[in-house]
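# Analysis of the macromolecular model
One-letter residues, chain by chain:
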Amino acid sequence: MSDNRPILVVNGPNLNLLGTRQPEIYGSTTLADIENLCRGTAADLGRKVECFQSNHEGAIIDRIHAARGTVAGLVMNAGAYTHTSVAIRDAVLAAELPLIEVHLSNVHAREPFRHVSYLADIAVAVISGLGPDGYVAAIRHLVARET
Ligand code: CA2
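Here goes a summary of the coordinates provided. Every residue gets a number counted from 1 within its own chain, in the order that chain's sequence is written. In view of the model being predicted, local features appear only for residues whose pLDDT reaches at least 70, and side-chain atom pairs are presented and counted only at 80 or more, with totals across whole chains, interfaces and linings using the full set of residues. As a rule here, side-chain values cover all heavy atoms of the structure and leave hydrogens and water aside.

## Structural notes on the pattern of salt bridges
The condition that has to hold: A pair is scored as a salt bridge if a Lys or Arg side-chain nitrogen falls within 4 Å of a carboxyl oxygen belonging to Asp or Glu. Here a strand is any run of E in DSSP of at least two residues, a helix any run of H or I of at least four, and the numbering for each starts at the N terminus. Relative accessibility decides the category of a residue: with a 1.4 Å probe and only protein chains considered, values under 20% of the type maximum give buried, values over 50% give exposed, and everything between is partly exposed.
For the coordinates displayed, the defined rule picks out seven salt bridges. A salt bridge links Arg47 to Glu146; the shortest N-O distance between them is 2.8 Å. Here the residue Arg47 occupies a position in the loop between α2 (31-44) and β2 (49-53), and Glu146 occupies one in the segment after α5 (133-144), the gap between them amounting to 99 residues. Of the two residues, Arg47 and Glu146, neither departs from the other in class, the shared state being buried. Beyond isolated ion pairs, a larger network of salt bridges with shared partners links Arg110, Glu111 and Arg114.

## Description of α2
For an α-helix, 3.6 residues make a turn, and residues three or four places apart therefore share a direction. Formally: To estimate how far a helix should extend, the number of its residues minus one is multiplied by 1.5 Å. The directions considered for the arc are those from the helix axis to the C-beta atoms. Contact definition: two residues touch when any of their heavy atoms are within 4.5 Å.
Between its first and last C-alpha, α2 extends 20 Å over 14 residues, near the 20 Å set by a 1.5 Å rise per residue. Residues of α2 that are buried include every one of Leu31, Ile34, Glu35, Cys38, Thr41 and Ala42, and no others. Projected down its long axis, α2 carries its buried residues within an arc of 120°, all on one side. In this structure, the buried residues of α2 make contact with β1 (7-11), β2 and α5. In the stretch just after α2, Gly46 is the one whose phi turns positive, near 75°.

Here it is, written out as structure tokens:
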């Protein structure tokens, strides 16, 4: 059955800097561009997104807690916290939300510490290396799997 609740899009630390530095890795798209892309993708499917970005682990955890029962799913680029945070993993488990883990870059083509994810095994899917298209695919998939 289809779900009318919004999809939560969370971006973690330093992703507010997108489009300003390291374009060779992360491209020239800004966070605002990505959030607008997510809004447009959801709108095409008759849905809404709620977008949240924070550089603070606790703030991300609080936002995930608040999402329990109120959103249909979670698209999250937890940035570097992906590779370190048991606490964010535990928050996703506690919130009981379907998660798609997204990364702009292909983390498996980068340093070994980026190959570790505390989220991948509790995610529906991991999308890494598709740039902003990864967010689009994640939203589409979360909506498609409801039916
Ligand atoms: O590829 C991704 O999306 C990452 O989640 C981005 C994180 C990185 O720690 C992960 O390993 C992979 C870092 C985001 C930093 O974003 C910046 C953007 C512009 C300038 C500087 C950093």
